[in-house]
Amino acid sequence: MTKIGEWVEVCTSDAIAPEEAMRFSHGERSFAIIRSLEGNFFAIDGHCSHEKVHLADGIVDGNIIECPKHFGTFDYRTGEARALPACVDLRRYEIKVDSNVVFIKI
Amino acid sequence: MKQERAMIVVGAGEAGTAAAVALRQGGWPGRVILIGSEATLPYERPPLSKGLLTEGEDSGPKFLITAQRLTELAIDYLAGVNVLSIDRATNTVSLQGGELLAYERLLLATGARPRTLGVPVDPECRMVTLRTYADAVAIRQTLRPGCGVVVIGGGFIGLEVAASAVSRGASVTVLEAGPRLLMRAVPASIAERIKAKHLDAGVRIELDATVAGIEAVEEQSLVSLADGRSFPADLVLVGVGAVPNVELAQAAGLAIEKGIAASDTLATSDPDIFTAGDCCSFPHRLYGERMRLEVWRNAWQQGAIAAANMLGLGSAYESVPWFWSDQYDETLQIAGIYSNSDAAINRDLGDKGQICFYLAPDGRLVAACGFGSLATISKDIRIAETMIGRRIRPDADALANPAIAIKSLAS
Ligand SMILES: Cc1cc2nc3c(=O)[nH]c(=O)nc-3n(C[C@H](O)[C@H](O)[C@H](O)COP(=O)(O)OP(=O)(O)OC[C@H]3O[C@@H](n4cnc5c(N)ncnc54)[C@H](O)[C@@H]3O)c2cc1C
Ligand code: FES
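What you are looking at is a predicted structure, and each value in this text was computed from that prediction instead of being measured. (Residues numbered from 1 in each chain as written. Chains lettered and ligands numbered in written order. Predicted model: local features only at pLDDT ≥ 70, side-chain atom pairs only at ≥ 80, totals over all residues. Heavy atoms only, no water.)

*Asks:* What am I meant to see in the overall build of chain A here?
*Replies:* Looking only at helices and strands, chain A features zero helices and ten strands. Secondary structure of chain A in N-to-C order comes out as β-β-β-β-β-β-β-β-β-β. Relative to the globule expectation of 13 Å for 106 residues, the C-alpha radius of gyration of chain A, 13 Å, shows essentially globular dimensions. For chain A, the spread of C-alpha atoms along the three principal axes comes to 40 × 30 × 20 Å. (Helix = DSSP H or I, 4+ residues; strand = E, 2+ residues; numbered from the N terminus. Rg over C-alpha atoms; globule rule 2.2 N^0.38 Å.)

*Asks:* Sorry if this is basic, but what is going on with the packing of helix α1 (residues 14-25) of chain B against helix α8 (residues 296-310) of chain B here?
*Replies:* The relative placement of two packed helices comes down to the angle between their axes together with the axis-to-axis distance. Residues and elements named next belong to chain B. The interhelical angle for the contact between α1 and α8, taken along N-to-C directions, is 35°, at an axis separation of 7 Å. The interaxial crossing formed by α1 with α8 has right-handed handedness. In this structure, α1 contributes Glu 14, Ala 15, Ala 18, Ala 19, Ala 22 and Leu 23 to the contact, and α8 contributes Trp 296, Ala 299, Trp 300, Gly 303, Ala 304, Ala 307 and Met 310. Partitioning the contact of α1 with α8 into residue classes produces eleven nonpolar, one polar and one charged. (Axes fitted to C-alpha atoms, helices over the stretch in contact; angles between N-to-C directions. Left-handed = near helix turned anticlockwise from the far one by under 90°. Contact = heavy atoms within 4.5 Å. Nonpolar A, V, L, I, M, F, W, Y, C, P; charged D, E, K, R; others polar.)

*Asks:* Explanation requested: the packing of aromatic side chains in the structure shown.
*Replies:* Working definition: an aromatic ring pair is given by the centre-to-centre distance plus the angle between the planes. Scanning the entire structure with this criterion turns up eleven aromatic pairs over all chains. Ring centres 5.2 Å apart and planes at 55° place the aromatic pair Phe 42 of chain A and Tyr 76 of chain A in the tilted group. Of the two residues, Phe 42 of chain A is situated in strand β4 (residues 41-45) and Tyr 76 of chain A in the loop between β7 (73-75) and β8 (81-83); the sequence distance between them amounts to 34 residues. For Phe 42 of chain A, a relative accessible area of 22% gives the class partly exposed. Judged by relative accessible area, which is 0%, Tyr 76 of chain A ranks as buried. An aromatic cluster of at least three residues, connected via ring pairs, comprises Phe 71 of chain A together with Trp 296, Trp 300, Trp 322 and Trp 324 of chain B. (Phe/Tyr/Trp six-rings, centres within 6.5 Å; stacked < 30°, edge-to-face > 60°. Buried < 20%, exposed > 50% of the residue type's maximum accessible area, 1.4 Å probe, protein only.)

*Asks:* How do you make sense of the interface of chain A and chain B when you look at a structure like this?
*Replies:* How large an interface is tends to be reported as the accessible area lost when its parts come together. Each partner contributes to the interface: chain A provides 14 residues, whereas chain B provides 17 residues. Of the roughly 1400 Å² buried at the junction of chain A and chain B (both faces included), carbon and sulfur atoms supply 60%. Notably, a salt bridge pairs Asp 326 of chain B with Lys 69 of chain A, separated by 2.6 Å at the nearest N-O pair. For the pair chain A and chain B, the interface holds five residue pairs in polar contact (both at pLDDT 80 or more). Residues of the side of chain A that touches chain B, tallied by class, amount to six nonpolar, three polar and five charged. (Buried area = accessible area lost by both parts, 1.4 Å probe. Salt bridge = Lys/Arg side-chain N within 4 Å of Asp/Glu carboxyl O. Polar contact = N/O pair within 3.5 Å; in protein donor to acceptor, adjacent residues only side chain to side chain.)

*Asks:* Is there a simple way to think about the side chain of Ser 281 of chain B in this case?
*Replies:* Residue and element names in this part refer to chain B. Position of Ser 281 among the secondary structure elements: in strand β19 (residues 280-284). Residue class for Ser 281 comes out buried when judged on its relative accessible area of 0%. Ignoring anything within four residues of it in the chain, the contact list for Ser 281 reads Glu 257, Lys 258, Gly 259, Ile 260, Ala 261, Ala 262, Arg 290, Met 291 and Arg 292.

*Asks:* Please explain empty space enclosed by the protein as it appears in this structure.
*Replies:* Any empty space left between the atoms is revealed when a probe the size of a water molecule rolls over them. Residues and elements named next belong to chain B. Taken as a whole and assessed by the stated rule, the structure comprises one cavity of 30 Å³ or more. In this structure, the largest cavity spans a volume of roughly 30 Å³. Looking at the largest cavity, the residues that line it are Arg 180, Leu 181, Ala 191, Glu 192, Lys 195 and Leu 207. Among the residues forming the lining of the largest cavity, the class breakdown is three nonpolar, no polar and three charged. (1 Å grid on protein atoms, 1.4 Å probe; cavity = no way out; pocket = protein on both sides within 12 Å on 5 of 7 lines; lining within 4 Å. Points joined across faces, edges and corners; volume = space filled by probe spheres on them.)

*Asks:* What am I meant to see in the site of ligand 1 here?
*Replies:* Residues and elements named next belong to chain B. The environment of ligand 1 is formed by 34 residues, the closest being Ser 37, Glu 38, Arg 45, Lys 50 and Arg 131. For ligand 1, an oxygen atom lies 2.6 Å from a polar atom in the side chain of Glu 38. Val 83 is positioned with one of its backbone polar atoms (N or O) 2.9 Å from a nitrogen atom of ligand 1. Relative to its free-state accessible area of 1000 Å², ligand 1 is covered by the protein chains to the extent of 93%. (Near = heavy atom within 4 Å. Areas by Shrake-Rupley, 256 points an atom, 1.4 Å probe, with all protein chains shown as cover.)

*Asks:* I'm lost on the sheet that holds strand β13 (residues 220-225) of chain B in this one. Help?
*Replies:* All names here are of chain B. Taken together, the three strands give an open sheet; going across it, the order is β12-β13-β14, and neighbouring strands pair in antiparallel fashion. This sheet does not close on itself; its edge strands, each paired only once, are β12 (211-217) and β14 (230-233). Ignoring which end each strand starts from, the neighbouring axes of this sheet average 20° apart. Here β13 pairs with β14 via four bridges, running antiparallel. Looking across to β14, one finds that Val 223 is bridged to Phe 231. (Pairing = 2+ DSSP bridges.)

*Asks:* Explanation requested: the pattern of salt bridges in the structure shown.
*Replies:* A side chain with one charge can pair with a side chain of the opposite charge if their charged atoms come near. A complete count under the given rule lists 27 salt bridges over all chains for this structure. In this structure, the salt-bridge partner of Lys 105 of chain A is Glu 94 of chain A, at a minimum N-O distance of 4.0 Å. With Lys 105 of chain A in strand β10 (residues 101-105) and Glu 94 of chain A in strand β9 (residues 92-98), this pair connects stretches of sequence that are eleven residues apart. Exposure remark for Glu 94 of chain A: the relative accessible area of 40% places this residue in the partly exposed category. For Glu 206 of chain B, the salt bridge goes to Arg 229 of chain B, with nearest N and O atoms at 2.8 Å. You can see Glu 206 of chain B sitting in strand β11 (residues 204-206) and its partner Arg 229 of chain B sitting in the loop between β13 and β14, a full 23 residues away along the chain. Each of Glu 66 of chain A together with Arg 297, Arg 382 and Glu 385 of chain B takes part in a single network of salt bridges with overlapping partners.

*Asks:* So what exactly am I meant to see when it comes to unusual backbone geometry here?
*Replies:* The bulk of non-glycine residues show a negative phi, and the bulk of peptide bonds are trans. Following Leu 84 of chain A, the chain continues into Pro 85 of chain A via a peptide bond in cis, with omega recorded as 0°. Following the sequence through the fold, Pro 85 of chain A ends up in the loop between β8 and β9. In this model, Leu 182 of chain B sits at a positive phi of 50°, which is unusual for a non-glycine residue. Of note, Leu 182 of chain B is situated in the loop between β10 (171-175) and α6 (188-201). In this structure Leu 182 of chain B comes out as buried when scored by relative accessible area, which is 4%. The backbone of Lys 258 of chain B sits at a positive phi, close to 65°, despite the residue not being glycine. For Lys 258 of chain B, a relative accessible area of 52% puts it in the exposed group.

Set out below in structure tokens:
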């Protein structure tokens, strides 16, 4: 059992290319782990707030991740919904990279 | 006096609701009145043939906006009210109940309604169409294991209902008048894939099946074909397309052509009246022809553009048409529009799916149609959409080669 607020290992930092996203599931929950063009890592809820579609299959562009289903967009740094039909924000999660391993605080 | 007039939107679907929000967000200081003939808050139609029929419990319509948000934006929403006529001499609309409202600018976002079958139908029959939440509830209540459903029309709505019904244990037959499914909408190879999914799921599909009439026989409805065959059903769903709701505009003397005729800025033949969504026809710069679309994204995007232009912005609507449909666990996405004169290039992604690209005679990419898992097709269709908008002429062999990334052809 993971406690709330615990750091959980996601992957090694070379597992996600810049401007790509990866699906990460932990127990019942699922997250989208995003790497920006500059190489920084971010994490938000995995499923779009419009319908239950995973965002990791969407396009990453600038600070935005776009849902593959109907192209609602979110700022992956904050989880904020940015373009219709997404209008409900997602949660963001803290990320840290330690010796080339990416951790998420969930 | 003029300042006291309101921005009035007729029709509270995708287009009308998006417009009302955009009018307020665009800075209109006066009244915004959204009038819709349905009694609920505005809702999304696509789930009506999908999740709403398959989910264990009816979770109600998926609303486009909350009552709280309407209040925050000071949008006056008149639900369950029909607009009966437009008086262009006085810039007023008359409502069912007799009230008159004056408009500064008017948006007609009246949508479309299901086309009727045009054959004799016994009024006792259990025959339904699907456009509203109430229609979906009626279908949902009939769907139970073992019940017989006949779907007339192998178009998107009919096929989605067939998939939903068979997943609820119904025994489903689709009757399509054409020689194959989705004749005008998707290429033959993709139609074959979609058909195979339906057959696997246990849906029976009859092609070249022209319906001659529907009779009530005991507790059932009997659908008979021109060739003499007949199919009994507990429920008959008619999905043979939609017709635009143009009557209000027509009675007011506005130009009608395929729909309520608009310019590329979505103004009708009266500069104070705009139109958007399923009821609207407009010239598309990319395709050089007038078209009317019946697709979800177009509806809300046009609503937003019409609103901006009602406020005087004057921007042309030129989005690439985009459509999706869900068929079981797979998805279909189409960007752009193609015709018979375009060359079809097939990109075979094996079991995972397929994308068909269309190049105009001048080499320009004009459409891309993908079917498969969302993860397999969506990124490439999205990139193709941008390429279509930018009039890119990609190499045909490269498009067909799955080893070459579509992204690398985008510039
Ligand atoms: C079952 C179903 C499934 C669909 N699935 C998909 C899909 O998967 N993908 C896709 O891209 N598109 C899909 N669509 C199409 C999409 O839903 C429509 O394109 C979209 O709803 C059109 O929006 P609209 O605002 O133009 O019209 P509508 O949503 O039809 O809204 C128009 C509204 O105006 C009201 N109205 C009309 N006349 C008056 C009047 N005189 N006074 C007051 N109110 C009036 C109507 O009652 C209606 O509520 C689907 C449609 C249906 C019906
Ligand atoms: S599911 Fe993400 S935008 Fe619709």
